[in-house]
Amino acid sequence: MPTDIYQNLIELSLKGPLKDNHTCYQILDPEKTELLPLLQSAYTLRKRFCGNSVKIHILNNVQNGLCKEDCQYCAQSRDSKASIETYPMKSDEEIMEEARNAYEKGAFRYCMVFSGKGISDRRINHIASIVREIKKRHNIEVCVSAGTVTIRQAQILKDAGLNRLNHNLNTSENIYKRICSTHTYEDRLKTLQSAKQAQLQICSGVILGMGETRDDIIEMARTLHNLRVESIPVNFFMPIEGLPLTLPTQLTPEQCLRILCLFRFLNPRTEIRVAAGRELYLRDMEVMAFYPANSLFMEGYLNTRGKSRRKTLQMLKDANFTIESDKDLDALLQRENAMEDTLKSQEQDKDIGYVLTLKKGKDLRILKSHQ
Ligand code: SF4
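Bear in mind the structure is a predicted one, so any value in this text is a computation, not a measurement. (Residues numbered from 1 in each chain as written. Predicted model: local features only at pLDDT ≥ 70, side-chain atom pairs only at ≥ 80, totals over all residues.)

(A) Looking closely at the nonpolar core. By size, the foremost hydrophobic cluster in this structure holds 102 residues, and its most contacted members are Tyr110, Val144, Leu157, Leu165, Val234, Leu260 and Leu262. Contact partners of Leu165, with chain neighbours within four places excluded, come to Val144, Val149, Ala154, Leu157, Ala195, Leu200, Ile202 and Cys203. (Core = buried A, V, L, I, M, F, W, Y, C linked by C-beta atoms within 7 Å. Buried ≥ 20, exposed ≤ 12 C-beta atoms within 10 Å, placed from the backbone. Contact = placed C-beta atoms within 7 Å.)

What follows is the structure in structure tokens.
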């Protein structure tokens, strides 16, 4: 492969989405391209459009489990036997406290996630009032993930000051029927269109490692480009015990990095998040993901734990990334280190992520864990 392929990739990407799949195959194929120059090219684009900073997201699993849908990859689905903590919507007080916690920990965005396919108008109005209150109290962006929404519901959230609506495509159109029978790929597209029409920013991503082909991966990255989404969370399938979908964990760290590069070349201006499975799949190559990607989740995922805040922040600092926050990275780290001195055993207990571990009640419900 001539060395100027890497420069060409940047130029092609700047002209619009890479037109032919042949170039995309090259990005995914270790026989055709080398990883380090590929990461460097992806970083050139990331730096140009997103700078050198990383956006930290903290998730609040506002309502967990009890879902009537049958998404095969999801621990909250009706078919799942995973032993997760289930609960209906948290109280406003609990949600507000967790928003404050996210802000204090340096989060750029606080993401409230509700299980279920969709949501009633009454619930949307309730969420809108919570969004309004969070925006009044903290300088933090807010994202809501509440299943399918109509244009009118999206408009209510937009009027309340919501910054983004999350609704993942999850996989390619091809595969969708295999992973869910209770709603369709088109249902998901419709919600994204509603959010666009309400002029909300869209966060929509994928879960990789569910048996997709290279063509499926390329199609997902292209579809998200065509939908002009502002943010793409790239998740890797979490093989939680009890899930209907059981697949061997096949993706290697190198493949994950190549996929992230592909998403960057096809979406050069977009916020790309290394989402669930960051620690589990990338292992010791984790920090390299931030050359193509510019965003992460801290404090774990919906039902699984991630590595500690201290280690996440230290990783970014060591690689000379900055964070997008009105908190200072050094000050956040100092605080985490001080906490580690006093709470060493608890912190060590939390400091996992390379091994798939389910969250417990105290991880999911900060306020309750203090009572
Ligand atoms: S992904 Fe959402 S809709 Fe599907 S089972 Fe999980 S919570 Fe329900």
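(B) Up close: the site of the ligand. Around the ligand sit Cys67, Glu69, Cys71, Cys74, Gln76, Ser77, Ser115, Gly116, Lys117 and Gly147, and that is every residue in its neighbourhood. Residue classes in the shell around the ligand are distributed as three nonpolar, five polar and two charged. (Near = placed C-beta within 6 Å. Nonpolar A, V, L, I, M, F, W, Y, C, P; charged D, E, K, R; others polar.)

(C) Quick peek at unusual backbone geometry. Its identity as a non-glycine residue notwithstanding, Asn170 has a phi of 75°, on the positive side. Mapping Asn170 onto the fold places it in the loop between β4 (164-166) and α7 (173-179). In this structure, Arg228 is a non-glycine residue whose phi angle is positive, near 55°. As for its placement among the helices and strands, Arg228 is situated in the loop between α9 (214-226) and β7 (231-236). A tally of 13 C-beta atoms within 10 Å means that Arg228 is categorised as partly exposed. (Helix = DSSP H or I, 4+ residues; strand = E, 2+ residues; numbered from the N terminus.)

(D) The packing of α9 against helix α10 (residues 253-266), seen in detail. α10 packs onto α9 with a crossing angle of 35° between their chain directions and a minimal axis gap of 9 Å. By crossing handedness, the relation of α9 to α10 is classed as right-handed. Contacts between α9 and α10 involve Ile217, Ala221, Arg222 and His225 on the former and, on the latter, Ile259, Leu262, Phe263 and Leu266. Here the contact of α9 with α10 is composed, by residue class, of six nonpolar, one polar and one charged. (Axes fitted to C-alpha atoms, helices over the stretch in contact; angles between N-to-C directions. Left-handed = near helix turned anticlockwise from the far one by under 90°.)

(E) Up close: helix α12 (residues 309-318). Every buried residue of α12 is listed here: Arg309, Thr312, Leu313 and Leu316. Burial along α12 is one-sided: seen end-on, the buried residues are contained in an arc of 90°. Phi for Asn320, located one or two positions after α12, is positive at around 70°. (Arc of directions from axis to C-beta.)

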